[in-house]
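These are the residues of each chain, in order.
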Amino acid sequence: MIVGGFGVGKTTMVRSVSEIRPLSTEETMTRAGVGIDDAAGVQDKTTTTVAFDFGRISLNDEMVLYLFGAPGQERFWFLWDQLFAGTLGAVVLVDTRRLADSWYAIDRLEHHGTPFIVARNDFGGPQHTLEQVRDALDLSPEVPLVDCDARSRDSSKAVLIALVEHLHALSSARETTP
């Protein structure tokens, strides 16, 4: 799962890293969302995800990572619980210009007990150190926090590798705990 606030780059990340042509439910933004969707900081955005994005990346000949990008607007959050079913882990994509938009995603993942990492997407906006982002989001030291540029395939792959490594470390720790 790739989750986060409205306009943080979830669709962009799925598109940049998927080895198949991603399924996208992007639609043109209309007046219906005016006053409902908070477009502060993303005024130039003209499309939005209305269900989810889907992509795929092969880890090796036997393992495939399925990517689901969740819609970011509050009016579509009811879909998240269904998308979380069966999810092994998630990436919370954050925009440092609008960190508060990340709270819902983090809260839902913690509520479901879903392991996650946080990826600070580089939009060229206000810069905050990773430690400032960690403090602002009240992340525990165990939650990996990485930088990324969702437009870059290599950067998006590095985020997914960080997630898989985090999930592997959590699984290994459970196996060694009596």
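Because the structure is predicted, anything quoted here is derived from the model rather than measured.

What counts and what doesn't
Residues numbered from 1 in each chain as written. Predicted model: local features only at pLDDT ≥ 70, side-chain atom pairs only at ≥ 80, totals over all residues. Heavy atoms only, no water. Phe/Tyr/Trp six-rings, centres within 6.5 Å; stacked < 30°, edge-to-face > 60°. Helix = DSSP H or I, 4+ residues; strand = E, 2+ residues; numbered from the N terminus. Buried < 20%, exposed > 50% of the residue type's maximum accessible area, 1.4 Å probe, protein only. Polar contact = N/O pair within 3.5 Å; in protein donor to acceptor, adjacent residues only side chain to side chain.

## Some remarks on the packing of aromatic side chains
Within the structure shown, the criterion is met by 2 aromatic pairs. On the basis of an interplanar angle of 20° and a centroid distance of 5.9 Å, the ring pair of Phe 54 and Tyr 66 is categorised as stacked. You can see Phe 54 sitting in strand 4 (residues 53–58) and its partner Tyr 66 sitting in strand 5 (residues 64–69), a full 12 residues away along the chain. Considering the side-chain rings of Phe 54 and Phe 68, the 5.1 Å spacing of their centres and the 55° angle between planes classify their relative orientation as tilted. Remark: Phe 68 occurs in strand 5 and Phe 54 occurs in strand 4; sequence separation between them is 14 residues. Three or more aromatic residues joined by ring pairs form one cluster here, namely Phe 54, Tyr 66 and Phe 68.

## Brief notes about the side chain of Thr 11
Along the polypeptide, Thr 11 turns up in helix 1 (residues 10–17). Judged by relative accessible area, which is 9%, Thr 11 ranks as buried. At 2.4 Å, the side chain of Thr 11 and the side chain of Asp 53 are in polar contact.

## Let's talk about unusual backbone geometry
When glycine is set aside, most residues are seen to have a negative phi, and most peptide bonds are trans. In this model, Asp 138 sits at a positive phi of 55°, which is unusual for a non-glycine residue. With respect to the helices and strands, Asp 138 occurs in the loop between helix 4 (130–137) and strand 8 (145–148). The exposure class assigned to Asp 138 is exposed, which follows from its relative accessible area of 61%.

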